[in-house]
Structure formats: structure tokens, C-alpha cells
Amino acid sequence: MANVQSASFPTRYSRASRILHWLTVVLVLTTIPAGLIMVQDGLSRPVQNWLFLYHKNIGPIILLLVVLRLAVKLAAPPPPLPASVSRGQALIASVVHWLLYAALVALVVSGIVRVQAGGFPMEFWDPLIGGMIGRNKELADAASGFHDTAKSVLIVLIVMHAGAAAMHGLVKRDGVFSRMWPPV
């Protein structure tokens with residue numbers, strides 16, 4: 001659970017944490033719409049191909065960012081929350097943060113499984129992780145279903161996280177939002 005702010009602790013996340021956070025935000029917020037649009041009927045083949053290429057090749061980058069974020073979190077722990085944040089709110093914030101990490105990892109892993117078990121290439125990533133999973137329709141279908149569910153969970157978590165950030169930044173103005181803003 002997050003600590004409560006004290007005079008001896010920094011009030012902002014480290015620069016590395018802020019950069020990795022906002023880079024993750026940009027990639028996730030472009031990957032979700034790409035994933036939703038790429039499966040629509042009537043989309044031109046070149047646009048659909050580009051969206052598939054983008055979506056499946058950005059996933060592993062997001063996974064790498066999550067791993068880096070967790071490493072930075074260990075090296076430079078988050079700043080304590082202001083005293084105005086209740087223990088309950090701090091607990092909810094902590095749970096949502098960890099669920100965001102878990103959902104991102106689950107999405108990327110299930111996406112990789114879906115692509116490889118479906119017999120599709122991951123172009124950029126094939127030299128590194130290609131061929132880890134053989135073609136298997138049942139596995140591909142299961143991974144696809146899981147990926148779809150995890151996507152919905154991630155969207156709900158993003159809305160919760162962004163809503164809380166907006167409330168702290170625009171309504172409460174209690175310093176919680178400024179811990180992560182500006183990005184650099």
C-alpha cells in the first residue's frame with residue numbers, strides 16, 4: 001500500500017517513472033483503437049494489414065515497458081501519497097495500479113499466444129520469439145477469447161485510473177496528479 005507523504009520524501013515520481021508511464025499511455029491508447037478497428041468488416045485490406053502489423057508488434061514493446069516500469073518502481077519507489085488521501089483510497093489506488101500491470105502482461109502474452117498458435121507472423125519479433133508456440137487452433141481460439149476479456153478489463157481499469165487522476169488534478173487539487181505530471 002502507498003505511504004502517506006512526509007517532509008523527507010520526494011513528492012513526484014522519478015523522471016524515469018514519468019517517462020515510462022506516459023510512453024506506456026501513448027502506446028496503449030493507440031493499440032486499443034487499432035485492435036478494435038482492425039477486426040471491423042468492410043475495412044480495406046491495406047488499412048487492416050497495417051493495423052494488425054501495428055497492434056501485434058507494439059504489444060511486446062508494452063510488455064518491455066511494464067518490466068522496465070516495475071524495475072524502476074523497485075529502484076525508485078513511488079512518492080508517498082498526500083495525507084489527505086484516505087487509507088481506503090490508497091488501497092484502491094494500489095490495487096488498480098497492480099491490476100493495470102497484470103492486465104497489460106495478460107494482454108500481451110495472450111496476444112502473442114493467439115498470433116503464434118494461429119500460425120501468423122509477428123514480423124519484427126519473430127527472430128526473437130517466433131516459433132515458441134506451434135500452430136494450434138484450439139489454443140489460438142482460447143487465447144483470443146482471453147485477450148478479448150482482458151481488453152475489456154483493461155479499458156475499465158484505465159477509465160478508473162484516468163478518472164481518479166482527473167478528480168485529483170482538477171477537483172481536489174491535492175498534489176496526487178502532479179506526482180506524475182508533467183511527463184519529463
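Residues numbered from 1 in each chain as written. Predicted model: local features only at pLDDT ≥ 70, side-chain atom pairs only at ≥ 80, totals over all residues. Heavy atoms only, no water.

**Description of the environment of Leu-27**
As for its position among the elements, Leu-27 is in helix H1 (residues 15–38). Once the C-alpha coordinates of Leu-27 and Ile-61 are considered, the two residues, 34 residues apart in sequence, prove to be 8.6 Å apart. Look past the residues within four positions of Leu-27 in its chain and what remains in contact with it is Tyr-54, Ile-58, Ile-61, Ile-62 and Leu-65. (Helix = DSSP H or I, 4+ residues; strand = E, 2+ residues; numbered from the N terminus. Contact = heavy atoms within 4.5 Å.)

**Here's the deal with the side chain of Asp-174**
Tracing the chain through its elements places Asp-174 in the segment after helix H5 (137–172). We note that Asp-174 is buried and unpaired, the nearest opposite charge coming from Lys-172 at a distance of 4.9 Å. Those residues in contact with Asp-174, other than ones at most four positions away along the chain, are Pro-82, Ser-84, Val-85 and His-168. (Buried < 20%, exposed > 50% of the residue type's maximum accessible area, 1.4 Å probe, protein only. Lys, Arg positive; Asp, Glu negative; His and termini not counted. Salt bridge = Lys/Arg side-chain N within 4 Å of Asp/Glu carboxyl O.)

**Concerning the pattern of salt bridges**
Tallied over the full model, the rule gives 3 salt bridges. In this structure, Lys-137 and Asp-141 form a salt bridge, with 2.8 Å as the shortest nitrogen-oxygen distance. In this pair, Lys-137 and Asp-141 are both assigned in helix H5, 4 residues apart and thus about one turn of the helix distant. Its relative accessible area of 54% is what places Lys-137 among the exposed residues.

**Brief notes about the environment of Arg-12**
Relative to the helices and strands, Arg-12 resides in the segment before H1. Discounting residues that sit within four places of it in the chain, Arg-12 has contacts with Arg-18, Pro-79, Ser-178, Arg-179, Trp-181 and Pro-182. One polar contact links the side chain of Arg-12 to the main-chain carbonyl oxygen of Ser-178, over a distance of 3.3 Å. (Polar contact = N/O pair within 3.5 Å; in protein donor to acceptor, adjacent residues only side chain to side chain.)

**Description of the nonpolar core**
Core analysis: the largest hydrophobic core is formed by 24 residues, its most contacted members being Val-28, Ile-62, Leu-104, Met-122 and Leu-154. Where this core is concerned, the elements lending two or more residues are H1, helix H2 (45–75), helix H3 (87–117) and H5. (Core = buried A, V, L, I, M, F, W, Y, C linked by side-chain atoms within 4.5 Å.)

**Quick word on the packing of aromatic side chains**
We describe a pair of aromatic rings using the distance from one ring centre to the other and the angle between the two ring planes. Evaluated as defined, the whole model comprises 5 aromatic pairs. Where Trp-22 meets Trp-181, the ring centres are 5.2 Å apart and the plane angle is 80 degrees; that geometry is what we call edge-to-face. Here Trp-181 lies in the segment after H5 and Trp-22 lies in helix H1, a separation of 159 residues in the sequence. Linked through ring pairs, Trp-22, Phe-177 and Trp-181 together constitute an aromatic cluster. (Phe/Tyr/Trp six-rings, centres within 6.5 Å; stacked < 30°, edge-to-face > 60°.)

**Concerning H5**
Given a rise of 1.5 Å per residue, 36 residues ought to cover 52 Å, and the 50 Å separating the end C-alpha atoms of H5 matches this to within 8%. Among the residues of H5, those classed as buried are Ala-140, Ala-143, Ala-150, Leu-154, Leu-157 and His-168. Where H5 is buried, its residues meet H1 and H3. A side-chain oxygen of the first residue of H5 lies 3.1 Å from the backbone nitrogen of Glu-138; this N-cap is Asn-136. Arg-173, located one to two residues past H5, shows a positive phi value of around 50 degrees. (Expected span 1.5 Å × (residues − 1).)

**Some remarks on the environment of Leu-51**
Locating Leu-51 in the fold gives a position in helix H2. The exposure class assigned to Leu-51 is buried, which follows from its relative accessible area of 10%. Each C-alpha atom, one on Leu-51 and one on Ser-144, is 17 Å from the other, the two residues being 93 residues apart in sequence. Filtering out sequence-adjacent residues up to four positions away, Leu-51 remains in contact with Ala-34, Ile-37, Met-38 and Leu-43.

**Regarding the side chain of Gln-48**
On the secondary structure map, Gln-48 appears in helix H2. There is a polar contact of 2.5 Å between the side chain of Gln-48 and the side chain of Arg-45. Dropping the residues within four chain positions of it, Gln-48 is found in contact with Met-38, Gln-40 and Leu-43.

**Digging into H3**
In this model, H3 (31 residues) spans 44 Å end to end at C-alpha, consistent with the 45 Å of a helix rising 1.5 Å per residue. Just downstream of H3, Gly-119 is the residue with a positive phi angle, here 80 degrees.

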